[in-house]
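# Coordinate analysis (summary)
Each chain is listed here by its residues.
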Amino acid sequence: MKKVISFFLILVVMFIVAACSTNKNGDENQQNGENGNNGSVSIDPSNYYDYENYVFIPDNIEISSDITMATGMLIHNDRIYYWGSSAIIPSQTLVININPDGSDEQRVSIRVRASQLISLIITEDGNIAIIEHQEEWTGEGVLRSLFYAEFDISGTELFRYEFGNISPPGSDRFNIYGAAILSDGNIAISVSSDRSNSIYLLNAKTGVVNELSFDGFFGEKNIVSLKNGRVIVYDVGFDYAVFREIDFDSQSWGDSFPLREDIGTGFKLHSVSDETPFDFLLSTQTHLYGYLMDKNVAVVLISWVESNLVIIENEYVAMFSDGRYAMLSNGWSSDSELITELRTFNPLSRAEFAERTVITLGGMGIDRDMLLAVVDFNMQSRTHIIRVVDYMSNWQSYQNDLKRLHVDLITGKGPDILYAGEMGDIRTIAARGLLVDLYPFIDVDPELNRDDFFPNVLLTLENLNGTLPLMSNRFTVETIISTRQMMRHVESWTVATMRELIEANLNKPYLFNQWVNSESFLQTMIIFAGSELTNWDTYTANFHSEAFIQTLEIAKRLPSSSSYGEAVWSIEELYKGNMLFDITWLRNVEYFQMYSELLGDELVVLGMPTSDGGAHMLDTRIQMGINAASDHADFAWDFLREFLLPTAHIDDNFPIRIDLYDKMIAEEMEELTEIDEHGNSVIVPRFRFEFGGNEVSIYALRAETASLLRSIVESGRARGRFNSELMEIIMADFASFVAGNRTADDTARIIQSRVQIWLSEQELVFG
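Just so we're clear, the structure is a prediction, and the values are computed from it rather than from any experiment.

### Notes on the confidence of the model for the chain
Model confidence for the chain is summarised by a mean pLDDT of 82, while 87% of its residues fall at 70 or above. For the chain, the element scoring lowest by mean pLDDT is helix α1 (residues 8-15), at 29; helix α5 (residues 439-444) scores highest, at 97. Confidence drops under a pLDDT of 50 for residues 1-43, and excluding neighbours within four residues, the segment shows 132 contacts in the predicted structure.

See the structure below:
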């Protein structure tokens, strides 16, 4: 286990923000109900529930070195409890409890008879109650049982009950996502099985077993016990999101409560003690909230980023009686090392901190890597602090959230730094002059130059007038791959050529890979066609073109739905001659190397068919820009440029910097060696994979493969823009065409008319 060293306190005290600092549209207090229209709540400052006046400083508690796993944290009588196993006696399960400062560690060894401990509580009389899950393989399938057991403080077992087989025999899938135990023996567990998503209601004292089914989706820790013996589950479907209360008396669902839209759906629920004012705690990737269910109020308690933290993966959060917090989190590092961290969060008045100016970073779906970058930057800066604002609530409200971000940018209230990781139609914002031109910053930067980057990739990020409103540090290549055998008579790569080849090969098992259906193909072709179909600079459409009519006819030939059966590997089917085309995203060198090594001289990288031949499309990742209305553009650039320096970390894509790309290629061309059992240096594969039932070894990148990849990268051009409203217009008429109600010509003519009307409306708003 990686030990955690406590260092956050000194850094945060030196650098964190004062309450008087300003923030553009990023004030989390907008979500806490007192400024909204979803109710109000009185916050008791003496208990540190007032986010505006207190910031929480994480103080790390070092876990004993012999503990190899720690999980399931809770607070009872203001002591921290969690369970774990010891490297000294690995067969034992330990229930460990400590004071908030980590002192006075006490251990109770309990006998866990099953393979998995799911949940733990401390009962009102101080006993330890647990739920265990056991799977046994029999001749008839998998036998699954749940055990409820109670132990006294010495670890002596007082009571045990087995619930027998709780899933149908032979059921392949049975995942337990969470559990709630009550002192009276009532238990609720959330389960996803072959049959449905369910809540099992159990009572260890009476043996009652019941099942409540529902159609929604849920994830880890979606069930929680409230005060006064209540239990709720959050139930999320495509068009709804609610909390459902469980009525144990009637063994049925009780009342439902709407979920606040501004919270989103990617959260975890945590129980609280009777002394706290909230029904439960709710943690997201960026914040901790106290939730009052009846009033539908979510009170912001902690900003993890402001506390210089990014949640690892799996967290347990609890509250002490005086309003302080504790968190136990565990996850895996990049080198597969288990990291477990136990922290307490102690309040300090914002008035005690040195002032720093607040600026905001906002966008749709802020990913974890970006949060880590913000935390790292905040810890280094003495003058400013970045506050994160994620506009994306959930996929159901994506369009409304996106429009809210658009409006904020148009009215000058948007975030200082725009993160466009999951933001569709970012080019509309960029083309309106709402973002700062980044070229002047690059031109005067002591460590950056325009020549540092692939010029064709920069071109994909430019506006029509040559300004650079957006910047990225990585990209992928989207293209079509085939074989020389399939393409031996092809002279030019156009949509007409594609149609001819498809008509001539309808007997093949696969025209495209198994995930391509008629709608996804049509959408892909529209995006890749770019300005040939939709010119966003002039707001004109060209859907009555012969190329689009032929695209419609191709799409009609394809399956109406994707094949989600047994996965088919496209490279293997191309190799066997069973597949005509593979629409693929070249994400990195190794991915392209597999195509090259397996197909050899047969490999043909076509690009997307266009009127002037094949074109490889570039998709830039992690686009960022600076709000033209920001008063802190210089500081925003200080953050953004960190992603463009030679030291910047590029994940698993191609770097936009030429020197980093060259370095990547050079590393891939190096032979890896190791010393064998005879003491000799031998060349070993860079990676292996299974192909045709055999393991294939891939060694150093060949010079000819590197040269082909470089030519693909340097010839790439901008991919088109995806807009969901535009696609809805097109797909509605495409469905009528597929049903046989219209010809391809009529369909193209109608789509042209409707899209042009819609584009004209967009020009009035954004043009």
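### Structural notes on the sheet that holds strand β23 (residues 325-332)
Strand order in this open sheet of four strands is β1-β24-β23-β22, and the pairing throughout is antiparallel. In this open sheet, the two edge strands, each paired with only one partner strand, are β1 (54-61) and β22 (314-319). The mean angle between the axes of side-by-side strands here comes to 25°, regardless of whether they run parallel or antiparallel. For β1 and strand β24 (residues 338-349), the ladder comprises eight bridges, and the chain directions are antiparallel. Among the inter-strand pairings, Phe-56 is bridged to a residue of β24, identified as Pro-347.

### A few points about helix α14 (residues 703-715)
Taking 1.5 Å per residue, 13 residues should reach 18 Å; α14 reaches 18 Å between its end C-alpha atoms and fits that length. Looking at α14, one finds that the buried residues are Thr-705, Ala-706, Leu-709, Ile-712 and Val-713. Here the buried residues of α14 occupy an arc of 125° about the axis, which is enough to place them on one side.

### Re the packing of helix α8 (residues 518-529) against helix α15 (residues 724-738)
The N-to-C vectors of α8 and α15 enclose an angle of 135°; their axes lie 11 Å apart at closest approach. The pairing of α8 with α15 is recorded here as oblique in orientation. Here the hand of the crossing between α8 and α15 comes out right-handed. From α8, Ser-518, Glu-519, Leu-522, Gln-523, Ile-526 and Ile-527 reach across to α15, where they touch Met-727, Ile-730, Met-731 and Phe-734. When the residues that make up the contact of α8 with α15 are grouped by side-chain class, the tally is seven nonpolar, two polar and one charged.

### Some thoughts on the pattern of salt bridges
Applying the stated criterion to the full structure yields 28 salt bridges. The closest approach of N and O atoms between Arg-450 and Asp-443, which form a salt bridge, is 2.8 Å. You can call Asp-443 partly exposed: its relative accessible area is 46%. Where Glu-597 meets Arg-702, a salt bridge forms, and the shortest distance between an N and an O atom there is 2.9 Å. Residue Glu-597 is found in helix α11 (residues 589-599), and its partner Arg-702 is found in the loop between β39 (694-698) and α14; the two are separated by 105 residues along the sequence. Where salt bridges share partners, they join Asp-66, Glu-105 and Arg-107 into one cluster.

### Things to note about a negative patch on the surface
Side chains of Glu-124, Asp-125, Asp-274 and Glu-275 sit close together on the surface and give a patch of like negative charge. Along the chain, Glu-124 turns up in the loop between β6 (116-122) and β7 (128-138). The class of Glu-124 is exposed, set by a relative accessible area of 75%.

### Regarding the packing of aromatic side chains
One pair of aromatic rings is described through two measures. These are the centre distance and the angle between the planes. The full count for this structure, using the stated rule, is 25 aromatic pairs. The interplanar angle of 50° and the centroid separation of 5.5 Å between the aromatic rings of Trp-493 and Phe-581 together place this pair among those described as tilted. Of the two residues, Trp-493 sits in the loop between β28 (474-483) and α7 (495-504) while Phe-581 sits in the loop between α10 (570-576) and β31 (582-586), which places them 88 residues apart along the sequence. Given the relative accessible area of 0%, Phe-581 is considered buried. Considering the side-chain rings of Phe-654 and Tyr-661, the 6.2 Å spacing of their centres and the 50° angle between planes classify their relative orientation as tilted. The side chain of Arg-244 reaches across the aromatic face of Trp-253, ending 5.4 Å from its centre. Above the face of the Phe-737 ring, Lys-556 is positioned so that its terminal group lies 4.7 Å from the ring centre.

The rules behind these values
Residues numbered from 1 in each chain as written. Predicted model: local features only at pLDDT ≥ 70, side-chain atom pairs only at ≥ 80, totals over all residues. Heavy atoms only, no water. pLDDT = per-residue confidence, 0-100. Helix = DSSP H or I, 4+ residues; strand = E, 2+ residues; numbered from the N terminus. Contact = heavy atoms within 4.5 Å. Pairing = 2+ DSSP bridges. Axes fitted to C-alpha atoms, helices over the stretch in contact; angles between N-to-C directions. Expected span 1.5 Å × (residues − 1). Buried < 20%, exposed > 50% of the residue type's maximum accessible area, 1.4 Å probe, protein only. Arc of directions from axis to C-beta. Parallel < 35°, antiparallel > 145°, perpendicular 65-115°, else oblique. Left-handed = near helix turned anticlockwise from the far one by under 90°. Nonpolar A, V, L, I, M, F, W, Y, C, P; charged D, E, K, R; others polar. Salt bridge = Lys/Arg side-chain N within 4 Å of Asp/Glu carboxyl O. Patch = residues over 30% accessible without salt bridge, like charges linked within 9 Å, V, L, I, M, F, W, Y side chains within 5 Å. Areas by Shrake-Rupley, 256 points an atom, 1.4 Å probe, with all protein chains shown as cover. Lys, Arg positive; Asp, Glu negative; His and termini not counted. Charge placed at Lys NZ, Arg CZ, Asp CG, Glu CD. Phe/Tyr/Trp six-rings, centres within 6.5 Å; stacked < 30°, edge-to-face > 60°. Lys NZ or Arg CZ within 6 Å of the ring centre and 35° of its normal.

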